[in-house]
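Report on the structure
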Amino acid sequence: MTGLHRALFLDRDGVINVDKGYVCLPEAIEWIPGVAEAIHYANSLNYRVIVISNQSGVARGYFMENDVKSLHEWMSRELQRSGALIDAFYYCPHHPDFGGPCDCRKPEPGLYLRAARDFNLRLSECLAVGDKPRDVDSARRAGIPAHLFSGGDLHKFLVPLLRP
Ligand SMILES: [Zn+2]
């Protein structure tokens, strides 16, 4: 796996699917326009595509970690049918009010750093996209150039940002 040292980091709720609050079932997934096209495009440029999200619904008892994993497997399969490959999902199941602080909940940079180790990434060559300031802050704290996505078509948003 040499040569793949960069990644496109995407937040999940609000960037890949519409943020309806504590989404945990496939029925609740409404895709953001252009998401499969955007991921396919990143794949074609040899970016790893890695999803980084806070899923405090686990700590709050709204759903189980297995529900999160099942949903991510379902999302992967659905996107693959459109030719879009997600290399990995990382999520923080914690919340400071329910079990204490952790180093992985955004705005902490822990999940990006874990992914960087797992995939041997050069963080300055990566790109992160999120819909909340904490997404952008956490990525920048990890040394990743980051951009705020405020809705619309994700593919159109990413084309000028990804480098061949
Ligand atoms: Zn955490």
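About the cut-offs
- Residues numbered from 1 in each chain as written.
- Predicted model: local features only at pLDDT ≥ 70, side-chain atom pairs only at ≥ 80, totals over all residues.
- Heavy atoms only, no water.
- Helix = DSSP H or I, 4+ residues; strand = E, 2+ residues; numbered from the N terminus.
- Rg over C-alpha atoms; globule rule 2.2 N^0.38 Å.
- Buried < 20%, exposed > 50% of the residue type's maximum accessible area, 1.4 Å probe, protein only.
- Contact = heavy atoms within 4.5 Å.
- Areas by Shrake-Rupley, 256 points an atom, 1.4 Å probe, with all protein chains shown as cover.
- Lys, Arg positive; Asp, Glu negative; His and termini not counted.
- Charge placed at Lys NZ, Arg CZ, Asp CG, Glu CD.
- Donors = N, O, S within 2.8 Å, 3.2 Å for Na, K, Ca; no water.
- Tetrahedral: all angles 85-135°; square planar, octahedral: opposite > 155°, others 65-115°.
- Pairing = 2+ DSSP bridges.
- Right-handed = clockwise from strand over helix to strand, strands pointing away.

Remarks on the overall build of the protein chain
The secondary structure content of the protein chain amounts to five helices and five strands. Starting at the N terminus and ending at the C terminus, the protein chain contains elements arranged as β-α-β-α-β-α-β-α-β-α. Computed over the C-alpha atoms, the radius of gyration of the protein chain is 15 Å, within 12% of the 15 Å expected from 2.2 N^0.38 for a compact globule of 164 residues. Dimensions of the protein chain, computed from C-alpha atoms along their principal axes, come out at roughly 45 × 30 × 30 Å. By the burial criterion, 50% of the 164 residues in the protein chain qualify as buried. Taking all contacts inside the protein chain whose residues are at least 6 apart in sequence as the whole, residues at least 24 apart take part in 70%. Surface accessibility of the protein chain: about 7,900 Å² in total, with carbon and sulfur atoms responsible for 51%. Where the 19 positive side-chain charges of the protein chain centre and where its 20 negative ones centre are 4 Å apart.

Considerations on the coordination of the zinc ion
Within the protein, C92 (SG), H94 (ND1), C102 (SG) and C104 (SG) serve as the donor atoms for the zinc ion, at 2.1 to 2.3 Å. Seen from the zinc ion, its four donor atoms lie at angles of 102 to 119°, and the figure they make is tetrahedral. Motif for the zinc ion, donor spacing along one chain: C-x1-H-x7-C-x1-C. Residue C92 is located in strand β3 (residues 88-92), and its partner C102 is located in the loop between β3 and α3 (110-119); the two are separated by 10 residues in the primary sequence. What makes C102 partly exposed here is its relative accessible area of 24%.

Some words on the pairing of strand β1 (residues 7-10)
Taking every second residue as pointing to the same face, both faces of β1 are buried, with A7 and F9 on one and L8 and L10 on the other. With four bridges joining them, β1 and strand β2 (residues 48-54) adopt parallel strand pairing. Its bridge partner lying in β2, F9 is registered against I50. Handedness of the β1-helix α1 (residues 35-44)-β2 crossover: right-handed. As defined by bridge partners, β1 adjoins strand β4 (residues 127-130) across three bridges and the pair is classed as parallel.

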